[in-house]
Each structure stands twice: as C-alpha cells, then as structure tokens.
Amino acid sequence: MQVGDWTWTWWFGLLLGAVPLLVLAVWDGNDAFYQAAFALRRRRRRQHGSSHGKLPPLPPGHMGIPLLGETVAMLWYFKVIRCPDGFIAAKKRKYGEGVGMYRTHLFGSPTILVCLPDVNRFVLQSPDSFGISWPSPELLGLASMFNAEGSKHTRIRGFIVAALSQPKSLGNIARVTQPRVVAALQSWAAKGTIVARTEIRKVMFECICEIFISMKPSPLTEKMNKWYVGLIGGIRALPLDLPGTSHNHARKCRRKLNMVFQEELEKRKKRANSNSSLGGEEDYDDLMSGLMQMEDERGMKLSDDEVVDNIVSLVLGGYESTSSAVLWAAYHLAKSPDVLAKLRDENAAMSQDKNSNFIDRDDISKMKYTAKVVEETIRMANISPMVSRVTRRDDIEYGGYTIPRGWQVVVWLRSIHTDEKYYTDPLTFNPDRWAKPPKAGTNQVFGAGNRTCPGNMLSRLNISIMLHHLSLGYEWELLNPDAEVDYIPSPMPVDGTPMAFRKLSTNT
Ligand code: HEM
C-alpha cells in the first residue's frame, strides 16, 4: 500500500467518526447547554438555602439546534407539510401525552410549550407570574391594552369592556352594519365571481369603521384598510427596522393610522366643546366616543394617547379576526350543503316572523342553530392558534416541572380544539356538536383569564349578521375546493378563496 492510500484511509476514517459526532454535538449540545445552566441554577438555589427548596426538573423536550432551536422543525410542519398539529403530536408521542408541557426553543427564545386545558388555564390565569411580551410592542400601541399589565391593564380593559358591551354600542351594531352587508352581497352577486378574502375584508373593515369610529367608506378608509393590512403583516415579523422589511413597513402604517385617529379625536373634542357651549349633546354614538367619555370610579378618563392607541388596536384586533371567521364560515358552508340548508331554514323563518330581512340582537339570540354554526366556525378556524407569555419574576413550578424565569411560554390553544379527546372527529365541520356544551376548559378560542378576548360577543354578532344575509339570499361555490391552507400567522386558504357567487333563484 502506498502513502497516498494511507492518507485517504485516514481522512475517510476521520470523516466517518467525526461527522456523526459533530452532528450529535450540534443536535444535543444546545439541549445539554440549557440543562446544564438549569442544573447550575438548581444547585445555587440549594446552596443558598432558598426557601422554595429544590426546584423540580425542566419539562421533557428538546431545545433543538443552537440559535434556531426547533423553529425550523415547527415551520416545516406548518409551512411545508401543512400539518400544524403534527409538531405537538410528535412531542406528545415522544414525551407522553399527559405531560402537557414541553421544553423547546422557538423564535429565538428558550420556550415552554403548553397544550393541555388545565395547563393553559394555569398560565393564562396567572398574570402575576406570566407577563406579556410582544416582539414589537410599538406596533400594538404602547398605551394600548395589548401592552398594558397589572393595574394599568385592569383599568384600560375596564374602559374597553364597558364601551364594547354598553347597549349604546352593541345594540346599534346590527342596525348600522346590515345596510353595508346587504350592499356588499348585492355587489358580489353582480360580479358573479369573487375572491372571498378580499371582499370579506373590505366589507368587515367598512362595518368596523362604522361601529368604532362612525366612518363611512371613502378613499381614506380604503387607504386605512391597506395600512391595517401592512400593520398586521409586521406584528409577528422579525423586528428588523430596515427599509423594505415587513416590520419597517408596519411601523410606517401604524404611524399613519395613529395620525388619522389623532385628528379624529381632535375634531371630536372641538365639536364637543362647541356643542356643550351651545348646550347641545355629543353627536357620536360609537366605540371611540364611548372611550373618550367614560370615567373610572375616581372620575378619571383615558388620556388622549390611550384613546388613540386603544382604538387603533381595537380595530386591529377586530378586523382581521372577524374577517377570517366569516371567510371560514362561507368556506365550510359551501362544503356542507346540509348545514347550509338548516341555517337557511332558521334564518328564513326568523325573517318571515318579523316580515323583514333585517334582524336585531334579540333575534340573533333566538337563532340557536345559527349560534352553533358560529361556534363551530370559530373552533375550526383557530384564528389565534397560540398566544405567548413570559415568566417574569421567578421560576414557576407546576405539575412536577419548572418553568424557568425569563423563558417564553407558548400556549398552544389550537391543539385543544383539534384533539379528539375533547371534540369527536375534530376536523369535521359539525355544528350539531354544540347541542351539548363542551367539556369544561376545552373551548379556549377566545383565550382564558384576564386577557380573554373582549371582542368575543361583538365578533359573534358580526358573524351571525353576515350568515343571516348570506344564507337568506345567496348561494356560492368554491372554485378551488381543495386549495391548500397557510397556517401562519393564522389558517387561511392560500388562494384567497375564489368563489362563484349568485342570488338564490328561490329568493323572493
Ligand atoms: C373570531 C374572532 C376573534 C378571536 C378568535 C379572538 C381571539 C382572541 C384571543 C385568543 C385573545 C387572547 C389573547 C391573550 O390571552 O393573549 C384575544 C384578545 C384580544 N382581542 Fe380578540 N379575538 C377575536 C375578535 C376580536 C374582536 C372583534 C376584537 C375587537 C373588538 C378583539 C380584540 C381583542 C383585544 C383588544 C384583545 C386583548 C385583550 C387583553 O389583552 O386584555 N378580538 N382575542
């Protein structure tokens, strides 16, 4: 054998031995690093005789590769194989289903992922232990409820919940939105073919502008619609403030929106001053005026910045989520003719009783089947598939494990709503399942705890109104019924859901 042959053999042997070792080191190194850091913390705590005693271990799981953690694996499930429940299912298989919490590393942070009803509730209902942490808080409004914590959050939330649920605002919704919905549906039928996502967004935005700020459709509201789309695109994007990034664009959009609402606020204040000097009444009857006028028990009002930041954020919270829900309702109904027929019967009977196609809040509360369709749509749509928190003050112990201080906690709401333990045949659209209430704690579509969605009644109302007019007067057909679904940031058919749309031939 010549020297050259030996060299090759040597290199080959090294490669055979070293590459797997390197792969192993990269794969397990990150996990070992976090385990070691945690073990050190436990030891230190024991040495200092902490009153909390010995810390339980980290939840089972794996921290993935350095820096990226398991983000790529998660994106692979969501974006490549389009199986969003596969990521959690793999963890449940590997580490045990009953654990309900797993360690991982997602979106640049060490993370505990929680996915059982009780564990989710524990996290969402312990605001003192788990705080809020958005990648770009300024996009949600620094003075808005989304970013506020503790007593500040309680105070602002009190204002918003009261403004949203006062009969003056909620009761008027059906009245102000229906003409807009009816006009939109007529225009869709005139077109014959529509891209449902675009059209639904447009009409829902018009409705929300009307309800929240009494703004009629105009070139300005069209621009605002585009700014909101830009803002939404940046909320979960990498917070890189460089020209051309989604984050940078979203910041510009937020600034423009704040300016529009600031001007509106100034205009209203001037008008209110001149009205009161003339002994007149406030002439707006919408959410913004509710927020401007309301006082807490000490007689304090929200500051101008708080009003503006919150109203911009409320439109943000309400607009995209309700539009998605309406789109999914139309999508499932197109695929479930029996459900649509029952929905149509109930809504037609209501209109006949009233001798009018326009309904009000009380009528909606009487339509039991419609309510089931709404609940089933929201469950299946999983519009907020997950919410996140961060452990603030201390390590948190729960269920025999430790959630370390400073770690991100991702509450995987979606996995509850697609689990057959809680919902039989969970991926089938079946409104009748709501004939019985779901098991306690297994419906978390609007969250749980002190940040439960304050817009839940409003969105149910808006969806019901859309369903009433859709089912009464129209029929539609998906042009691409097998379109793939994008699951990030929230589930949506990739093609915007083109559909053939026409007036019902039986309509009188
Ligand atoms: C089907 C429609 C909707 C769904 C599925 C939904 C879902 C959620 C979820 C899961 C949360 C909890 C987030 C957390 O715990 O961190 C939430 C919070 C929130 N939602 Fe909604 N939402 C919907 C409609 C709306 C509407 C119409 C509005 C506006 C009126 C709205 C405004 C908000 C706000 C402001 C928060 C933050 C509450 C707080 O931090 O205290 N949402 N939503």
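The preceding data block contains the structure.
Residues numbered from 1 in each chain as written. Predicted model: local features only at pLDDT ≥ 70, side-chain atom pairs only at ≥ 80, totals over all residues. Heavy atoms only, no water.

Caption draft 1: Structural view of the overall build of the protein chain. Looking only at helices and strands, the protein chain features 16 helices and twelve strands. When its C-alpha atoms are laid out on the principal axes, the protein chain stretches across 95 × 55 × 50 Å. When each of the 508 residues of the protein chain is scored for burial, the buried share is 50%. Intrachain contacts of the protein chain at a sequence separation of at least 6 include 71% that bridge at least 24 residues. (Helix = DSSP H or I, 4+ residues; strand = E, 2+ residues; numbered from the N terminus. Buried < 20%, exposed > 50% of the residue type's maximum accessible area, 1.4 Å probe, protein only. Contact = heavy atoms within 4.5 Å.)

Caption draft 2: Up close: a positive patch on the surface. A cluster of basic residues, K223, K252, R255 and K256, forms a positive patch on the protein surface. With respect to the secondary-structure elements, R255 resides in helix α9 (residues 246–277). (Patch = residues over 30% accessible without salt bridge, like charges linked within 9 Å, V, L, I, M, F, W, Y side chains within 5 Å. Areas by Shrake-Rupley, 256 points an atom, 1.4 Å probe, with all protein chains shown as cover. Salt bridge = Lys/Arg side-chain N within 4 Å of Asp/Glu carboxyl O. Lys, Arg positive; Asp, Glu negative; His and termini not counted. Charge placed at Lys NZ, Arg CZ, Asp CG, Glu CD.)

Caption draft 3: Summary view of the coordination of the iron atom of the ligand. Counting protein donors to the iron atom of the ligand gives just one, C453 (SG), placed at 2.3 Å. Tracing the backbone shows C453 in the loop between α15 (414–417) and α16 (456–473). (Donors = N, O, S within 2.8 Å, 3.2 Å for Na, K, Ca; no water.)

Caption draft 4: Looking closely at the environment of G473. Take G473: it is sitting in helix α16. For G473, a relative accessible area of 7% translates into the label buried. It is 9.5 Å that separates the C-alpha atoms of G473 and N357, two residues lying 116 residues apart in sequence.

Caption draft 5: Looking closely at unusual backbone geometry. In this model, I488 is joined to P489 through a cis peptide bond whose omega is 0 degrees. Counting through the fold element by element, P489 comes out in the loop between β10 (485–486) and β11 (492–493). At L67, a residue that is not glycine, the phi angle is positive and equals roughly 65 degrees. When its relative accessible area of 76% is taken as the criterion, L67 is described as exposed. Phi at N355 is positive, roughly 60 degrees, even though this residue is not glycine. Structurally, N355 can be placed in the loop between α12 (337–354) and α13 (361–366). The class of N355 is exposed, set by a relative accessible area of 72%.

Caption draft 6: Representation of the pairing of strand β8 (residues 408–411) in the model. Here β8 shows a buried face lined by Q408 and V410 and a second buried face lined by V409 and V411. Here strand β2 (residues 109–114) pairs with β8 via four bridges, running parallel. By the bridge assignment, T111 is partnered in β8 with Q408. Note: strand β5 (residues 387–391) against β8, four bridges, orientation antiparallel. Looking at the pairing, V390 lines up with Q408 of β8. (Pairing = 2+ DSSP bridges.)

Caption draft 7: Molecular detail of the site of the ligand. With respect to spatial proximity, 26 residues lie near the ligand, and among them H153, R157, R389, R451 and C453 are the closest. At 2.8 Å, a side-chain N or O of R389 approaches an oxygen atom of the ligand. Contact between the ligand and R451: an oxygen atom at 2.8 Å from a side-chain N or O atom of the residue. Contributing elements (two or more residues each) for the shell around the ligand: α5 (150–165), α11 (304–335), β5 and α16. Looking at the shell around the ligand element by element, the count peaks at five residues for α11. In the shell around the ligand, the residues fall into 13 nonpolar, ten polar and three charged. (Near = heavy atom within 4 Å. Polar contact = N/O pair within 3.5 Å; in protein donor to acceptor, adjacent residues only side chain to side chain. Nonpolar A, V, L, I, M, F, W, Y, C, P; charged D, E, K, R; others polar.)

Caption draft 8: Inspection of the sheet that holds strand β4 (residues 193–195) at higher detail. If you walk across this open sheet you meet the three strands as β4-β12-β9, and the pairing is antiparallel. Edge positions in the open sheet fall to β4 and β9 (474–478), since each of these has one partner strand only. Looking at each pair of strands side by side, their axes are set apart by 35 degrees on average, direction ignored. Relative to strand β12 (residues 498–503), β9 runs antiparallel, the two sharing five bridges. Within β12, the residue paired with E477 across the bridge is A500. Its contacts with the sheet put α11 on β9 and β12, and the angle it makes with β9 is roughly 85 degrees. (Axes fitted to C-alpha atoms, helices over the stretch in contact; angles between N-to-C directions.)

Caption draft 9: Examining a nonpolar patch on the surface more closely. Taken together, the side chains of W8, W10, W11 and L14 present a nonpolar region at the surface, about 560 Å² in accessible area. Along the polypeptide, W8 turns up in helix α1 (residues 3–47).

Caption draft 10: The sheet that holds strand β3 (residues 130–131), seen in detail. A sheet is described by the order of its strands in space; here five strands give the open sequence β1-β2-β8-β5-β3, paired in mixed fashion. Edge strands, defined here as strands with exactly one partner in the open sheet, are β1 (101–106) and β3. Where β1 and β2 come together, six bridges link them in antiparallel fashion. Note that in β2 the partner of M101 across the bridge is V114. Against the sheet, helix α3 (residues 86–95) makes contact with β1 and β2, and its axis sits at roughly 130 degrees relative to β1, the strand it touches most. The sheet strands contacting helix α4 (residues 117–124) are β1, β2, β3, β5 and β8, and the helix crosses β8 at an angle near 130 degrees.

Caption draft 11: Representation of the packing of aromatic side chains in the model. Using the criterion set out here, one finds 18 aromatic pairs in the structure. When the centroid spacing of 5.8 Å and the interplanar angle of 85 degrees are considered together, the rings of F122 and F130 count as edge-to-face. The exposure class of F122 is partly exposed, given its relative accessible area of 24%. Between Y228 and Y319, the aromatic rings sit 6.3 Å apart at their centres with planes inclined by 70 degrees, giving edge-to-face as the arrangement. One end of the pair, Y228, is in helix α8 (residues 219–235); the other, Y319, is in helix α11, with 91 residues separating them in the sequence. The structure contains a cluster of three or more aromatic residues connected by ring pairs, namely W76, Y77, F78, F87 and W412. (Phe/Tyr/Trp six-rings, centres within 6.5 Å; stacked < 30°, edge-to-face > 60°.)

Caption draft 12: Structural detail: the packing of helix α14 (residues 368–381) against α16. Where α14 meets α16, the closest approach of the two axes is 10 Å, and the angle between their N-to-C directions is 115 degrees. Crossing of α14 against α16: the hand is right-handed. For the pair formed by α14 and α16, the contact residues are T370, V373, V374, E375 and I378 on the first element and R460, I463, S464 and L467 on the second. (Left-handed = near helix turned anticlockwise from the far one by under 90°.)

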